[in-house]
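Listed below, chain by chain, are the residues.
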Amino acid sequence: MARLSISHLKKSYGDFIAVDDVDIAIADGEFLVLLGPSGCGKTTTLRMIAGFIPPTAGSITIGERDVTALPPWKRHCGLVFQSYALFPHMTVAQNVAFGLEMHKVPQAERGPRVAEALRLVRLTGFDDRYPRQLSGGQQQRVALARALAMQPQVLLLDEPLSNLDAKLRLEVRVEIRELQRKLGLTTIMVTHDQEEALTMADRLVVMEKGQVRQVGTQRELYEKPADRFVAGFIGRSAFLDGEVTAPGRFRTAGGLDMVCAAAAKPGPATLALRPERIAVGGEADGLPNRFTAKVEHASYLGALLDIQVALDEHDRMLLQIPNRPGLTEPQPDESITIGWAEDAGLVYPRGA
Ligand SMILES: Nc1ncnc2c1ncn2[C@@H]1O[C@H](COP(=O)(O)OP(=O)(O)OP(=O)(O)O)[C@@H](O)[C@H]1O
Ligand SMILES: [Mg+2]
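**Q** Would you mind going over the site of ligand 1 with me for this structure?
**A** In the neighbourhood of ligand 1, the contacting residues comprise Y13, F16, A18, S38, G39, C40, G41, K42, T43, T44, E159 and H192. In the model, an oxygen atom of ligand 1 is placed 3.2 Å from a nitrogen or oxygen of the C40 main chain. K42 places a side-chain nitrogen or oxygen 2.8 Å from an oxygen atom of ligand 1. A total of 640 Å² of accessible area belongs to ligand 1 in isolation, and the protein chains cover 60% of it. Those elements that provide at least two residues to the shell around ligand 1 are β2 (16–26) and α1 (42–50). Looking at the shell around ligand 1 element by element, the count peaks at three residues for α1.

Spelled out as structure tokens, the structure:
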């Protein structure tokens, strides 16, 4: 178990920069989730930490050691991939023992370490089975046991749950997190699944195009997204393009004037609004931004109603209102009043 820090990490392939000047500091025992669209450099970052891809520039420190120049087997990282990558012709115990043999761990020590790792993932008694005799979730737990048997200082998980069905995902999700907490293992997990990221992480890193856009807790990312990309990637936002005309004043491209936070600098900008910050009907009374909007589409989602409205031909937004007895969803073309407080809208200079 150790702190991990990545400093100015970069990977280029010819002219293409896959990972661009990434800085991340992870506390001892922290569970960090790396999140971002396909191709943004998540796996490349993880593999550089593990030592399988040499960085073009930058450094990686685990505990007190600079491991940048060390081969994978001297880094004490446990790695679990999306595909379980178990050896089909080896039993569970042999699979888990494989890395120990490679590292020349004495024979007498291997048995107890395999048994302990299998106990941790609740697969005691499965030693002699072959991977084909296990369910997907059990195979994934063997892969995890194989990583844990190495007693890693850092655990690196690359979409470990994506091959599992929805129900198993939920189960293994909880198991991984409990185990990680119990062992106090410094962990980085990569996932595509936003809900998985939000439920599991201590903190999250959002990447795009090889760069870190924001590092923070769930609340920080949702309530104070650093840029327009994060505002659209974490949760949902309505985006209105326009201009900050004066401090605290925003005008949409369609010419609607709105009040926004005073800090925004004049110039071309985008206003982002979270759906739950928009009040509807009588609840919009007294709010500084009030508009009549036309309903385009309403969806009944059980606990929530999702309502897509148009302010004018340029500007659409999504509202979410909590369901309650007697509430019916508005019909298409119905006019409704919507409103929001001045601090509800986040203003991003165009291009940010
Ligand atoms: N060996 C390579 N040569 C050239 N380009 C590469 C190489 N490996 C990866 N890339 C490119 O680097 C970028 C980042 O790849 P990476 O696998 O890290 O993405 P990712 O964020 O893990 O995506 P996904 O979510 O799809 O797994 C991609 O655009 C990929 O095409
Ligand atoms: Mg990947």
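Picking up after the structure, the text goes on.
**Q** I tried to follow the sheet that holds strand β13 (residues 257–259) on my own but got confused; where do I start?
**A** Whenever strands of a sheet pair, they do so through backbone hydrogen bonds, lying parallel or antiparallel. The strand order β13-β12-β11-β14-β20 describes an open sheet built from five strands, whose pairing is antiparallel. Because the sheet does not close on itself, it has two edges, and the strands there are β13 and β20 (345–349). Across the sheet, the axes of successive neighbouring strands diverge by a mean angle of 40°, strand direction being ignored.

**Q** Would you explain the packing of aromatic side chains in this entry?
**A** Inspection of the entire model under this criterion finds three aromatic pairs. A ring pair is formed by F229 and F233, whose centres lie 5.3 Å apart and whose planes are at 15°; its orientation type is stacked. Of the two residues, F229 and F233 both sit in helix α8 (residues 228–233), four residues apart, roughly one turn of that helix. Over the ring of F239 we find R228; its NZ or CZ atom is 4.1 Å from the centre of that ring. The ring of Y222 carries the charged tip of R274 above its face, separated from the ring centre by 3.9 Å.

**Q** Explanation requested: the side chain of R75 in the structure shown.
**A** Residue position: R75 is located in the loop between β5 (65–66) and β6 (77–80). This buried residue, R75, is left without a salt bridge; D66 holds the nearest opposite charge, at 7.5 Å. Side-chain polar atoms of R75 contact the backbone oxygen of L70, separated by 2.9 Å. Setting aside residues no more than four positions away along its own chain, R75 makes contact with M48, I49, A50, G51, I60, I62, R65, V67, T68, A69, L70 and Q153.

**Q** Please clarify how the nonpolar core should be interpreted in this entry.
**A** Generally speaking, nonpolar side chains in soluble globular proteins are found buried as a group. Membership of the largest hydrophobic core comes to 44 residues, with the highest contact counts inside it found for V96, L144 and I176. At the level of elements, β3 (31–35), α2 (92–102), α3 (107–120), α4 (136–149), β7 (154–158), α5 (166–183), α6 (194–200) and β9 (203–208) are the ones that each hand at least two residues to this core. Counting residues per element, this core draws most heavily on α4, at seven residues. If near-sequence neighbours (up to four positions away) are discounted, V96 is found in contact with V114, A117, L118, V142, A145, R146 and A149.

**Q** How do you make sense of the pattern of salt bridges when you look at a structure like this?
**A** Opposite charge on two side chains permits pairing when their charged atoms draw close. The final tally for this structure, using the stated rule, is 20 salt bridges. Of the charged contacts, one joins R251 and D257 as a salt bridge, the two residues approaching to 2.9 Å between their closest N and O atoms. Exposure remark for R251: the relative accessible area of 40% places this residue in the partly exposed category.

**Q** Would you mind going over the layout of surface pockets with me for this structure?
**A** Over the atoms, a rolled probe matching the size of one water molecule traces out where space is still vacant. The volume enclosed by the largest pocket comes to roughly 620 Å³. Every residue lining the largest pocket is counted, 21 residues in all, and those nearest its centre are F52, C77, G99, H103 and M150. Elements with a contribution of two residues or more to the lining of the largest pocket: β6, α2 and α4. Here the residues of the lining of the largest pocket sort into 15 nonpolar, four polar and two charged. Within this model, the second largest pocket holds a volume of roughly 220 Å³.

Scoring rules and cut-offs
- Residues numbered from 1 in each chain as written.
- Chains lettered and ligands numbered in written order.
- Predicted model: local features only at pLDDT ≥ 70, side-chain atom pairs only at ≥ 80, totals over all residues.
- Heavy atoms only, no water.
- Near = heavy atom within 4 Å.
- Polar contact = N/O pair within 3.5 Å; in protein donor to acceptor, adjacent residues only side chain to side chain.
- Areas by Shrake-Rupley, 256 points an atom, 1.4 Å probe, with all protein chains shown as cover.
- Helix = DSSP H or I, 4+ residues; strand = E, 2+ residues; numbered from the N terminus.
- Pairing = 2+ DSSP bridges.
- Axes fitted to C-alpha atoms, helices over the stretch in contact; angles between N-to-C directions.
- Phe/Tyr/Trp six-rings, centres within 6.5 Å; stacked < 30°, edge-to-face > 60°.
- Lys NZ or Arg CZ within 6 Å of the ring centre and 35° of its normal.
- Buried < 20%, exposed > 50% of the residue type's maximum accessible area, 1.4 Å probe, protein only.
- Lys, Arg positive; Asp, Glu negative; His and termini not counted.
- Salt bridge = Lys/Arg side-chain N within 4 Å of Asp/Glu carboxyl O.
- Contact = heavy atoms within 4.5 Å.
- Core = buried A, V, L, I, M, F, W, Y, C linked by side-chain atoms within 4.5 Å.
- 1 Å grid on protein atoms, 1.4 Å probe; cavity = no way out; pocket = protein on both sides within 12 Å on 5 of 7 lines; lining within 4 Å.
- Points joined across faces, edges and corners; volume = space filled by probe spheres on them.
- Nonpolar A, V, L, I, M, F, W, Y, C, P; charged D, E, K, R; others polar.

All quantities given are derived from atomic positions and should not be read as evidence of function.
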